[in-house]
Amino acid sequence: MYAMVDCNNFYASCERVFRPDLATTPIAVLSNNDGCVIARSAECKQINLPMGMPTFKAQSLIRQHSVKVFSSNYALYADISSRVMSVLEEMAFDIEVYSIDEAFLVISEQANQSFEIQGQTIKKRVNQYCGMPVSVGIAPTKTLSKLANYAAKKYTKAGGVVDLSNPERQRNLMALTPVGEIWGIGRNMKRSLNALGVQTALDLCDAPVKELRKRYSVLLEKTINELRGIPCIDLELESPAKREIVCSRSFGHKVDSVDEMAMAISSHVERAGKKLRKEQRLTSSISIFIRTNRYAEQSQQSRPSATMQLFSPTNDTSELNQAAQRLLKRIWQQGFAYQRAGVMLHGLVDPQNLQYELFHSEQAERSQRLMGVMDQINQRYQNTMCYASTLPTKQHNGWLMRREHLSPAYTTRWADLLRVS
DNA sequence: TCTGGGGTCCTAGGACCC
DNA sequence: TCTGGGGTCCTAGGACCC
C-alpha cells in the first residue's frame, strides 16, 4: 500500500518551526524577489488571500489582517525537508521523495495496526521530531493515495489521515471529488473532460479508457487505471539523472544596460555550473534567454533567446560563461527594460560515456581540477569564492533579488543559530 | 504499367507537476 | 513601483538510415 505524506502549508509551517509565537498568526510566504504569494498558513487561507497574488495587490489584505509576511528562505526549507524525509525513511519499506514537501511511502499491513493507525503514527512522529504538521493518504495506487491525501486535508473530520484501501470508499470519495483535483489532470484537461460530460473523479474512473487514450494520451490511460486500483505508476527509488538544468531569476529592478545583464547572466551560469558538477554531468549545449515584463502590456515586449552547441561537452564555468556572453551579445537589444534572465543547459552527458574530441587537451584537465577545488572551498566555507564577473558593484546591483522579509537560516548558518536566554 | 517496409533520432510545442 | 523558479513526459513531424 502507498502512503502519500504531504506537509501542510510547507513553507508557512517551516517559518513556524522556530517561531512558536506565530502558532496562530496568519503567515504568507512570498516568491523569490518578493513578487507574489506562494504559500499560506491555514489562517491566511481563511481570510481569502489568494495563492499567486502579486504582493503589491495583496498589501491591503495583509495590513488588514496583520499577516506576517516572509521572503522565501530555501536554505531553511530544504533543511527542514531533509529532516522530515529522514524521519519518514525509518517508517517505510521504501520511500520516494516526490518533492520538497511530499513523499510516497510503501507500507504493509501489520498485526493490530490498521493502516489508519499507521498513518496516525507517521503524522505524530513527524510533528514531534520536526515540528511539521503532515497529512497522510493511504491507497493501493499512487494516484489514489494522492486523492486520499487530498481528502485528509479537505475533510477535517478525518483527523489528517485517510485510509482508502477499501474500493467502496474509493468510489464514494471519487463521486464527491471534481475531476480537476486528480493528480495528472491539469487546467486544460479538466476543461476538455468537462466538455465531454466528465465532471467527477468517478466519471473519469468509469469512462471508456480506450477511447480516451486515443483522444488524449497514454498518460490519461494510466491515470484512469490507477483510479481503478491498477498500479501503473511505479515508485521511483532513486531520482533519475537530470536531462536539463535551468537557472533563471527576475531582477530586483529592471535592467536596461548590457553590462548589468552580463553580470546577471554570469551569476546564473555560475549556479548552473555548480548544479551540473553536482550532478556529475557535462553539458553539450547552452542557451540563454532574457525577457521584459509580460504583465506590462503597455510597454514594448522583447524576449529573445539563443542556443550554442559546445565544441565538446564541458562543466567548466569559465567556458560556459564565455559561450553565454557571446550569446548575450548576439541577442541583446538596447532600449528595453528587461525583467528576467536565465541560462539553460541541455544535452547532459555522463563523462564516463564520453567520446573525447581528437585534441583533448591538458587545458581540459586543469579546468577539471580548478572546478573541483572551487567547489570544495565553497562547500567548506559557504560560497566564499566566485567569479569577479558575478560580483555586484555600486552601479550595477539592480539585478539582485529583493528579499525584504527574510527569516534567519536557523539550521544552516552558525550566526543565525537560535539563542535562548 | 508497376515504385516497400521498417526503423531511429531530433526538435518544438504543449501539457502536466511541485 | 511591484506578478517565481524549477522540472518531466508525450506527441507529431521531419530527416535520415537500411
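What you are looking at is a predicted structure, and each value in this text was computed from that prediction instead of being measured. (Residues numbered from 1 in each chain as written. Chains lettered and ligands numbered in written order. Predicted model: local features only at pLDDT ≥ 70, side-chain atom pairs only at ≥ 80, totals over all residues. Heavy atoms only, no water.)

### Considerations on helix 4 (residues 74-89)
Now for step 1: Taking 1.5 Å of rise per residue, the 16 residues of helix 4 would be expected to cover 22 Å, and the 22 Å separating its terminal C-alpha atoms lies within 8% of that figure.
Now for step 2: Restricting attention to buried positions, one finds in helix 4 the residues Leu 76, Tyr 77, Asp 79, Ile 80, Ser 81, Val 84, Met 85, Val 87 and Leu 88. (Helix = DSSP H or I, 4+ residues; strand = E, 2+ residues; numbered from the N terminus. Expected span 1.5 Å × (residues − 1). Buried < 20%, exposed > 50% of the residue type's maximum accessible area, 1.4 Å probe, protein only.)

### Quick notes on the pairing of strand 1 (residues 2-7)
Now for step 1: Most of strand 1 sits inside the fold, with six of its six residues counted as buried.
Now for step 2: Alternating residues of strand 1 divide into Tyr 2, Met 4 and Asp 6 and Ala 3, Val 5 and Cys 7, and every residue in both groups is buried.
Now for step 3: Relative to strand 7 (residues 134-139), strand 1 runs antiparallel, the two sharing six bridges. Bridging across to strand 7, Ala 3 finds its partner in Ile 138.
Now for step 4: In this sheet, strand 6 (residues 102-106) lies alongside strand 1 in antiparallel orientation, the contact comprising five bridges. The partner of Val 5 across the bridge, within strand 6, is Ala 103. (Pairing = 2+ DSSP bridges.)

### Thoughts on the nonpolar core
Now for step 1: Judged by nonpolar contacts, the single largest core of 35 residues is most densely connected at Leu 88, Leu 105 and Met 132.
Now for step 2: Within the residue set of this core, elements represented by two or more residues are strand 1, helix 1 (10-17), strand 2 (27-30), helix 4, strand 6, helix 5 (115-130) and strand 7.
Now for step 3: For this core, the element with the highest residue contribution is helix 4, accounting for seven residues.
Now for step 4: For this core, the two domains that each supply at least three residues are domain 1 (8-74) and domain 2 (77-227).
Now for step 5: In terms of nonpolar packing, the next biggest core, distinct from the first, is built from 32 residues, Ile 265, Ala 272, Ala 306 and Leu 310 among them. (Core = buried A, V, L, I, M, F, W, Y, C linked by side-chain atoms within 4.5 Å. Domains from an automatic or database assignment.)

### Looking at the protein's contact with DNA strand C
Now for step 1: Around DNA strand C sit 24 residues, and of these Ser 31, Val 246, Ser 248, Ser 250 and Arg 340 come closest.
Now for step 2: For DNA strand C, the backbone portion of the atoms within 4 Å of the protein, that is sugar and phosphate, comes to 72%.
Now for step 3: Contacts to DNA strand C include Arg 243, whose backbone N or O atom sits 3.3 Å from a phosphate oxygen.
Now for step 4: Looking at the surface near DNA strand C, the elements that each hand over two or more residues are helix 3 (55-64), helix 11 (218-227), strand 9 (244-255), helix 12 (258-278) and strand 12 (338-349).
Now for step 5: The greatest single-element share of the surface near DNA strand C, amounting to eight residues, is contributed by strand 9.
Now for step 6: Residue composition of the surface near DNA strand C, grouped by class: eight nonpolar, seven polar and nine charged. (Near = heavy atom within 4 Å. Polar contact = N/O pair within 3.5 Å; in protein donor to acceptor, adjacent residues only side chain to side chain. Nonpolar A, V, L, I, M, F, W, Y, C, P; charged D, E, K, R; others polar.)

### What about the protein's contact with DNA strand B?
Now for step 1: For DNA strand B, the set of nearby residues contains 13 residues, the closest of which are Glu 102, Lys 146, Gly 184, Asn 188 and Met 189.
Now for step 2: Atoms of DNA strand B within 4 Å of the protein belong to the sugar or the phosphate in 100% of instances, the rest to bases.
Now for step 3: Between a phosphate oxygen of DNA strand B and a side-chain N or O atom of Lys 146, the distance comes to 2.8 Å.
Now for step 4: In the environment of DNA strand B, a phosphate oxygen lies 2.6 Å from a nitrogen or oxygen atom belonging to the backbone of Met 189.
Now for step 5: Per-element accounting of the surface near DNA strand B gives the leading share, three residues, to helix 8 (residues 187-195).
Now for step 6: Its residues assigned to classes, the surface near DNA strand B comprises five nonpolar, four polar and four charged.

### Quick look at the packing of helix 1 against helix 4
Now for step 1: Between helix 1 and helix 4, the least distance of the axes is 10 Å, while the angle of their chain directions is 90°. Taken together, helix 1 and helix 4 sit at an angle that is classed as roughly perpendicular. Along the contact surface, helix 1 presents Phe 10, Tyr 11, Cys 14, Glu 15 and Val 17, while helix 4 presents Tyr 74, Leu 76, Tyr 77, Ile 80 and Ser 81.
Now for step 2: Along the lines of polarity and charge, the residues of the contact of helix 1 with helix 4 split into eight nonpolar, one polar and one charged. (Axes fitted to C-alpha atoms, helices over the stretch in contact; angles between N-to-C directions. Parallel < 35°, antiparallel > 145°, perpendicular 65-115°, else oblique. Contact = heavy atoms within 4.5 Å.)

### Some thoughts on the packing of helix 6 (residues 142-154) against helix 11
Now for step 1: Helix 11 packs onto helix 6 with a crossing angle of 65° between their chain directions and a minimal axis gap of 7 Å. Overall, the two elements helix 6 and helix 11 adopt an arrangement that is roughly perpendicular. Crossing of helix 6 over helix 11 shows right-handed handedness. Residues Lys 142, Thr 143 and Leu 144 of helix 6 form the contact with helix 11, whose own contacting residues are Thr 223, Glu 226 and Leu 227.
Now for step 2: For the contact of helix 6 with helix 11, a count of residues per class yields two nonpolar, two polar and two charged. (Left-handed = near helix turned anticlockwise from the far one by under 90°.)

### A word on the sheet that holds strand 8 (residues 161-163)
Now for step 1: In spatial order, the strands read 5-6-1-7-8; together these five strands make up an open sheet with mixed pairing. With partners counted over all chains shown, the strands left at the sheet margins are strand 5 (94-99) and strand 8, one partner each. Mean inter-strand twist for the sheet, computed between neighbouring axes without regard to direction, equals 15°.
Now for step 2: In the sheet, strand 5 pairs with strand 6 via five bridges, with the strands oriented antiparallel. From the neighbouring strand, Val 97 faces strand 6, where its bridge partner is Ala 103.
Now for step 3: Contacting strand 1, strand 5, strand 6, strand 7 and strand 8, helix 6 crosses the sheet at an angle of about 140° to strand 7.

The analysis is restricted to geometry; functional conclusions fall outside its scope.
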